[in-house]
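Structural characterization, general
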Amino acid sequence: ALFLGEVLKIVRERGESYGPPARHWRATSLVWTALLEAKGLSDVLDEADVAMLFIADKLVRQFTGDKRTEDGWLDIAGYATGAAGIEN
């Protein structure tokens, strides 16, 4: 319960600082899609794709890092919480 409370606190704080995750992920998806298109890859990324890629990056850091941090797990849970609210 303490961990989930911390996740919700972080998600709320990030939302106050940066706005809704979907808005940030939409902007990120547009930039990443443009970069992929410049490389000849034409698949369009959406907000959920960005969240999954951020989660994948955090998983790699957790797996390959010197230590597994609680912050990493909080970030993963936060990304998942935001992604769960995205309508596709």
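Quick look at the structure, then.

A closer look at the side chain of Glu-47
The topology assignment puts Glu-47 in helix H3 (residues 47-64). Nearest to the buried, unbridged Glu-47 among oppositely charged side chains is Arg-26, at 4.1 Å. Dropping the residues within four chain positions of it, Glu-47 is found in contact with Ala-22, Trp-25, Arg-26, Ser-29 and Ile-86.

With respect to the packing of aromatic side chains
Using the criterion set out here, one finds three aromatic pairs in the structure. Judged by centre distance (5.5 Å) and plane angle (90°), the ring pair of Trp-32 and Phe-54 falls under edge-to-face. Of the two residues, Trp-32 is situated in helix H2 (residues 21-38) and Phe-54 in helix H3; the sequence distance between them amounts to 22 residues. Of the residues examined, Trp-32 reaches a relative accessible area of 26% and is grouped as partly exposed. For Phe-54, a relative accessible area of 19% gives the class buried. Members of the aromatic cluster, connected to one another through ring pairs, are Trp-25, Trp-32, Phe-54 and Tyr-79.

Thresholds applied
- Residues numbered from 1 in each chain as written.
- Predicted model: local features only at pLDDT ≥ 70, side-chain atom pairs only at ≥ 80, totals over all residues.
- Heavy atoms only, no water.
- Helix = DSSP H or I, 4+ residues; strand = E, 2+ residues; numbered from the N terminus.
- Buried < 20%, exposed > 50% of the residue type's maximum accessible area, 1.4 Å probe, protein only.
- Lys, Arg positive; Asp, Glu negative; His and termini not counted.
- Salt bridge = Lys/Arg side-chain N within 4 Å of Asp/Glu carboxyl O.
- Contact = heavy atoms within 4.5 Å.
- Phe/Tyr/Trp six-rings, centres within 6.5 Å; stacked < 30°, edge-to-face > 60°.

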